[in-house]
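# Understanding the architecture of this molecule
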Amino acid sequence: MTIHTARVTTKTATIEQVKMYLPSNYRAFDVDEEIFIQGFDAAGWTFNDYIVPRLASGMIFLTTECEECTVPYDEHDEGCDACVALKPDVPTGSISHGTHRTVDLLDAFLGFLEMQRPALYDEVLYAGGDAAQAWRLGWLHDDQDVALAAADEWLSEDVWSAMESIAPAGHTFGAHEGDGADFGYWPIDEDED
Ligand SMILES: [Zn+2]
């Protein structure tokens, strides 16, 4: 999973203008009056070979580096104020409770991703192929075996690793140690005894 993040440096550009240039695998949004774009590379729609030149053709320019800490947004994991505003910690605690059904877990985790990390959500759906399509169309609720096998794999690989990748510092994603059907972000127990 690789998400690209950049900030629009052209001060006269509006978010509506920026959106007109973006393919569906990239999103535009604003944080503290700055316009950002974020997305993943799919087929020929890549950051370097498509997004940057396409926006430049409209006289809209980008930087991938944080103005405050001068670290590239995508390599930043500590967080100056500007970076933290761009990528706030996700809420901790329970996300899905009382079920091990694949479709219920997908509904809960993907709903969470869409809300918290829209570009990552887009990438996970893209990676899911037919399973993602079946989920979107509501077919998994029918418990069809063929769709469910692919959905199980998608859940345990792409969806799970996306959820793990955004765990706030000191927390891990998974089942609660006291309740195996309570999934969310739980504090890592520092005590080894
Ligand atoms: Zn920064």
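Here the structure is a predicted model, which is why all the values come from computation and not from measurement.

### Quick notes on the overall build of the protein chain
- Counting secondary structure elements, the protein chain contains six helices and seven strands.
- Along the protein chain, helices and strands appear, N-terminal first, in the series β-α-β-β-α-β-α-β-α-α-α-β-β.
- Its C-alpha atoms give the protein chain principal-axis dimensions of roughly 50 × 45 × 20 Å.
- Counting every position in the protein chain, which comprises 193 residues, the buried fraction comes to 31%.
- Considering only contacts in the protein chain between residues 6 or more positions apart, those separated by 24 or more positions represent 55%.

### Details of the domain arrangement of the protein chain
- As far as domains go, the protein chain holds domain 1 (4-86) and domain 2 (93-187).
- Relative to domain 2, the C-alpha centre of domain 1 lies at a distance of 27 Å.
- Grouping the constituent residues of the side of domain 1 that touches domain 2 by class yields two nonpolar, three polar and one charged.

### Considering the nonpolar core
- One finds Leu106, Phe109, Leu113, Ala151 and Val159 to be the most contacted residues of the largest nonpolar core, which totals 30 residues.
- Within the residue set of this core, elements represented by two or more residues are α4 (102-116), α5 (118-136), α6 (145-165) and β7 (179-187).
- Apart from residues lying up to four places away in sequence, valine 159 is in contact with Leu106, Phe109, Leu110, Val124 and Trp154.
- Core analysis: the second largest hydrophobic core is formed by 16 residues, Tyr26, Ile35, Ile51 and Leu86 among them.

### Here we look at the pairing of strand β1 (residues 4-8)
- Most of β1 sits inside the fold, with four of its five residues counted as buried.
- Two strands pair when backbone bridges link them, and β1 and strand β3 (residues 34-39) are joined in this way by four bridges, in the antiparallel orientation. Across the sheet, the residue bridging to alanine 6 is isoleucine 37, located in β3.
- With two bridges joining them, β1 and strand β4 (residues 62-63) adopt antiparallel strand pairing.

### Quick look at the packing of α4 against α5
- Contact geometry for α4 and α5: axes closest at 9 Å, N-to-C directions at 150°. On the basis of the axis angle, α4 is roughly antiparallel to α5. For the pair α4 and α5, the crossing hand works out as left-handed. Along its contact with α4, which presents Leu106, Leu110, Leu113 and Glu114, the element α5 presents Pro118, Leu120, Tyr121, Val124 and Trp135.
- The residue makeup of the contact of α4 with α5, split by class, is eight nonpolar, no polar and one charged.

### A look at α5
- The end-to-end C-alpha distance of α5, which contains 19 residues, comes to just 15 Å, noticeably less than the 27 Å that a straight helix rising 1.5 Å per residue would cover.
- In α5, a bend of some 115° at glycine 129 exceeds every other bend along the element.
- Within α5, the full set of buried residues consists of Ala119, Leu120, Tyr121, Asp122, Glu123, Val124, Leu125, Gly128, Ala131, Ala132, Ala134 and Trp135.
- Directly after α5, the chain includes glycine 138, whose backbone phi takes a positive value near 80°.

### Concerning the environment of threonine 99
- As for its position among the elements, threonine 99 is in the loop between β5 (93-97) and α4.
- Assessed through the 14 C-beta atoms surrounding it within 10 Å, threonine 99 is described here as partly exposed.
- Sequence-distant contacts of threonine 99, that is, excluding residues within four places in its chain, are made with Asp104 and Ala181.

### Considerations on the sheet that holds β7
- Taken in spatial order, the three strands line up as β5-β7-β6 in an open sheet, and their pairing is antiparallel. Of all strands in the sheet, those bounded by a partner on one side alone are β5 and β6 (171-176). Across the sheet, the mean angle separating the axes of adjacent strands is 20° when strand polarity is ignored.
- Here six bridges tie β6 to β7, and the two strands are oriented antiparallel to one another. Pairing of histidine 176 across the sheet is with aspartate 179, part of β7.
- The sheet strands contacting α4 are β5 and β7, and the helix crosses β5 at an angle near 145°.

Parameters at a glance
- Residues numbered from 1 in each chain as written.
- Predicted model: local features only at pLDDT ≥ 70, side-chain atom pairs only at ≥ 80, totals over all residues.
- Helix = DSSP H or I, 4+ residues; strand = E, 2+ residues; numbered from the N terminus.
- Buried ≥ 20, exposed ≤ 12 C-beta atoms within 10 Å, placed from the backbone.
- Contact = placed C-beta atoms within 7 Å.
- Domains from an automatic or database assignment.
- Nonpolar A, V, L, I, M, F, W, Y, C, P; charged D, E, K, R; others polar.
- Core = buried A, V, L, I, M, F, W, Y, C linked by C-beta atoms within 7 Å.
- Pairing = 2+ DSSP bridges.
- Axes fitted to C-alpha atoms, helices over the stretch in contact; angles between N-to-C directions.
- Parallel < 35°, antiparallel > 145°, perpendicular 65-115°, else oblique.
- Left-handed = near helix turned anticlockwise from the far one by under 90°.
- Expected span 1.5 Å × (residues − 1).
- Bend = angle between axes of the 7 residues up to and from the residue.

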